[in-house]
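Okay, here's what each chain looks like letter by letter:
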Amino acid sequence: MKRRLVAAGLVAVVIAYAGLVATVRLHLIPQAARRLGRPIAVGGVSVGLPLALRLLDVRVDGLFDAPEIRVEPSGILLVRPTLHLDHAGTRGVASAPVLPADRAALEPPAFHRVRARDAVLISPFGRVEAARAAVDVDGRGRPLRIAAWGVHVSAAQTRVRDLTLFARRAQGGWHVRFAAEGATLDSARLASRPVGPMAVDVDAKFVLGPSLRVREAVLRTGALRIALDGEASPTRLRLRAHLERARCAEALASLPRGLAPTLEGMQLDGNFEAEIAVDFDAATPDTTRFDARFPALCRVVADSPAAPVPSLLEASAPVVGPGGPVVIPPIERLGRIVPAAFVAAEDTRFYTHHGFDPARIAHALGHDLSTRRFARGASTISQQLVKNLYLHHDRNIGRKIEEAVLTWRLEQIVPKRRILEIYLGVIEMGPGLWGVTEAARAYFGREPARLRPIEAAHLAALAPSPVRSARMLASTPRGQAPWDWHRRVFTIVDGMRRLGTLTRAEWLAARAMPLRILPPGAARIASR
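Computed from a prediction, not measured in an experiment: that's the story for all the values here.

A. Region of interest: the overall build of the protein chain. In terms of helices and strands, the protein chain carries 14 helices and 23 strands. Put simply, the protein chain has 528 residues, and 44% of those count as buried. Pairs at least 24 residues apart make up 55% of the contacts formed inside the protein chain by residues separated by at least 6 positions.

B. Region of the structure containing the nonpolar core. In this structure, Leu 312, Phe 342, Tyr 390, Tyr 423, Tyr 443 and Leu 459 are the most contacted members of the largest nonpolar core, which totals 70 residues. The element that contributes the greatest number of residues to this core is helix α10 (residues 453-462), accounting for seven residues. Listed in part, the 11 residues of the second largest apolar core include Val 42, Val 45, Val 60 and Ala 66.

C. Quick peek at the environment of Asp 186. In this structure, Asp 186 sits in the loop between β13 (173-185) and β14 (195-208). Asp 186 sits in the partly exposed class, given a relative accessible area of 31%.

D. Expanded view of the confidence of the model for the protein chain. Scored by pLDDT, the protein chain comes out at a mean of 78, with 74% of its residues at no less than 70. Contacts from residues 123-159, a stretch scored under 50 in pLDDT, to residues over four places away or in other chains number 110 contacts. Confidence over residues 520-528 falls short of pLDDT 50; this stretch has 15 contacts with residues more than four positions distant or in other chains.

E. Main features of unusual backbone geometry. Its identity is not glycine, yet Asp 57 carries a phi of approximately 50 degrees, on the positive side. Take Asp 57: it is sitting in strand β2 (residues 52-60). For Asp 57, a relative accessible area of 42% translates into the label partly exposed.

F. Region of interest: the packing of helix α4 (residues 337-346) against α10. Orientation of α4 relative to α10, taken along the N-to-C sense of each, is 50 degrees, at an axis distance of 8 Å. Between α4 and α10, the crossing angle belongs to the class labelled oblique. The hand of the α4/α10 crossing is right-handed. Residues Ile 337, Val 338, Ala 341, Phe 342, Ala 345 and Glu 346 of α4 form the contact with α10, whose own contacting residues are Pro 453, Ala 456, Ala 457, Leu 459 and Ala 460. Tallied by class, residues from the contact of α4 with α10 come to 10 nonpolar, no polar and one charged.

G. Fine view of a positive patch on the surface. Taken together, the side chains of Lys 205, Arg 213, Arg 215 and Arg 238 present a region of like positive charge at the surface. Tracing the chain through its elements places Lys 205 in strand β14. We classify Lys 205 as partly exposed; its relative accessible area is 36%.

H. Quick peek at helix α7 (residues 397-413). Helix length check: α7, at 17 residues, gives a terminal C-alpha distance of 25 Å against a target of 24 Å (1.5 Å per residue), a fit within 8%. Those residues of α7 lying buried are Gly 398, Arg 399, Glu 402, Glu 403, Val 405, Leu 406, Thr 407, Trp 408, Arg 409, Leu 410 and Glu 411. On its buried face, α7 sits against β18 (267-281), β19 (289-302), α6 (381-390) and α8 (416-426). For α7, the N-terminal capping position is held by Asn 396, with its side-chain oxygen 3.3 Å away from the main-chain nitrogen of Gly 398.

I. Main features of the packing of aromatic side chains. Per the counting criterion, the structure on display carries five aromatic pairs. Judged by centre distance (4.9 Å) and plane angle (70 degrees), the rings of Phe 350 and Tyr 351 are edge-to-face. The interplanar angle of 45 degrees and the centroid separation of 6.3 Å between the aromatic rings of Tyr 443 and Phe 444 together place this pair among those described as tilted. Overall, the relative accessible area of 1% leaves Tyr 443 in the buried class. When the ring centre of Phe 350 is taken as origin, the NZ or CZ atom of Lys 416, which lies over that ring, is 4.6 Å away.

J. Quick peek at the side chain of Thr 262. Tracing the sequence through the fold places Thr 262 in the loop between α3 (248-253) and β18. In contact with Thr 262, other than residues within four places in its own chain, are Ser 304, Ala 306, Ala 307, Tyr 390, Leu 391, Glu 402 and Leu 406.

K. The state of the cysteines, seen in detail. Under the counting rule described, the total for this entry stands at one disulfide. Put simply, Cys 248 and Cys 298 are joined by a disulfide, and their sulfur atoms are 2.1 Å apart. Residues Cys 248 and Cys 298 share a disulfide whose torsion about the S-S bond is about -95 degrees; that sign makes it left-handed. In this pair, Cys 248 sits in helix α3 while Cys 298 sits in strand β19, placing the two residues 50 residues apart along the sequence.

L. Inspection of the pattern of salt bridges at higher detail. Applying the stated criterion across every chain, the model contains 22 salt bridges. The closest approach of N and O atoms between Asp 269 and Arg 299, which form a salt bridge, is 3.2 Å. Placement of the pair is Asp 269 in strand β18 and Arg 299 in strand β19, with a sequence separation of 30 residues. For the salt bridge of Asp 357 with Arg 349, the shortest nitrogen-to-oxygen distance reads 2.8 Å.

M. Layout of the side chain of Ser 211. Its location among the elements puts Ser 211 in the loop between β14 and β15 (212-221). Owing to a relative accessible area of 16%, Ser 211 belongs among the buried residues under this scheme. At 2.8 Å, the side chain of Ser 211 forms a polar contact with the side chain of Glu 231. Apart from the residues lying within four places of it in its own chain, the contact partners of Ser 211 are Glu 231, Ala 232 and Ser 233.

Definitions and limits used
- Residues numbered from 1 in each chain as written.
- Predicted model: local features only at pLDDT ≥ 70, side-chain atom pairs only at ≥ 80, totals over all residues.
- Heavy atoms only, no water.
- Helix = DSSP H or I, 4+ residues; strand = E, 2+ residues; numbered from the N terminus.
- Buried < 20%, exposed > 50% of the residue type's maximum accessible area, 1.4 Å probe, protein only.
- Contact = heavy atoms within 4.5 Å.
- Core = buried A, V, L, I, M, F, W, Y, C linked by side-chain atoms within 4.5 Å.
- pLDDT = per-residue confidence, 0-100.
- Axes fitted to C-alpha atoms, helices over the stretch in contact; angles between N-to-C directions.
- Parallel < 35°, antiparallel > 145°, perpendicular 65-115°, else oblique.
- Left-handed = near helix turned anticlockwise from the far one by under 90°.
- Nonpolar A, V, L, I, M, F, W, Y, C, P; charged D, E, K, R; others polar.
- Patch = residues over 30% accessible without salt bridge, like charges linked within 9 Å, V, L, I, M, F, W, Y side chains within 5 Å.
- Areas by Shrake-Rupley, 256 points an atom, 1.4 Å probe, with all protein chains shown as cover.
- Salt bridge = Lys/Arg side-chain N within 4 Å of Asp/Glu carboxyl O.
- Lys, Arg positive; Asp, Glu negative; His and termini not counted.
- Charge placed at Lys NZ, Arg CZ, Asp CG, Glu CD.
- Expected span 1.5 Å × (residues − 1).
- Polar contact = N/O pair within 3.5 Å; in protein donor to acceptor, adjacent residues only side chain to side chain.
- Phe/Tyr/Trp six-rings, centres within 6.5 Å; stacked < 30°, edge-to-face > 60°.
- Lys NZ or Arg CZ within 6 Å of the ring centre and 35° of its normal.
- Disulfide = S-S within 2.5 Å.

In structure tokens form, the structure reads like this:
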């Protein structure tokens, strides 16, 4: 009797096993193939106890190959998978099996193959691991593009080692960790050249809802450790960042190669620490707050060869500006009115700040965040001079880092009077016009010291868009500026009065005086 029961049990197990295998082969695999829209080939199927399904030599056409896939209660384990991302399958791979289809991060055509060695666990409980997986990117000459961020990973040069991705639910939110070593990024928003290789480690705890609430996030790269917390929604941004104290030399060395090339060769000593806070509400953008504190600052041991700031102290030495080498005339030759007009128009707190104007940054942030576009700048005269002398004009993170460091260095050793003097000597004032002396002669036929307040304000009004404004004015009949331009110029004249440059009588006279541009000068500008 017992033998019959054992035999019947074995027969039942065999039938159950065969039924499960048949169900997988005849139902689950074809169903998965229909959902993916591509053929699936499986070399073998086995079922074990506790419940575990093993698929051998799995190939999903154009999607991935894996010597073995194990489906267990803890999740799905892919052993040494090769993931294919090609023109037809880029979105499929980006969205399946890790992300929902509507969360695809990659856009075709991106790259053709990603090979992840070792094992990748995909869990239904919100945990994803790629334990010490090596990811090879083969782009066949084409870069990987992450559409959401505009980041390109150079396929020909990139190899990401020791990639770790960890995510799980924690305290009503998510705990995510991402670490990558040996990554090289090519992004116009990041820098003007490829950046890397670099190691990055991000550890974040956050809650997703109507807003993104970051409880704690830490970004590490080299000696730099940045702690973040805050909240972001379509109508509100509250962010606090703390760059923890680090040795200046190590912090500068931690910047990935290619991110800030103008700073290469610069040597620093001491410690650095920074705290930055932003508070924005779309309902009241004018109350936007921006606070920055620097409990510790560096000392410069040697300047970068690409930005020899101490050379600016030599009054007789030519300065290489965007228009070429020029000997800067003493500011006394410009008179009282012209320098004051540029301070009123470009940087009203020039003589009191240390290179950066937090109030102006807050105002620009409020405007840009409320309009959702970066249209209003907050650069001081010191920052503009650094850009004119040493930097390209691309807008990206790398240039902002270079600009911040060099502006701090400029303000550290160069007097305000000399900064303004050089700025007025090299600034672009129209097509082929550099410096206020050339501009005064072209527009009014006189030296800067002989200009009236409204004429000095006209030159200052050109500064934000000198080429476009100059060509617009060159097309006006008989040198008569349009009324819209008069309004802009009068705004600067009013600012000169508020700063105390103009007496009440001078201010009233300037407001009553029409602005007339020298026609020959305008004609010369239009022809250049």
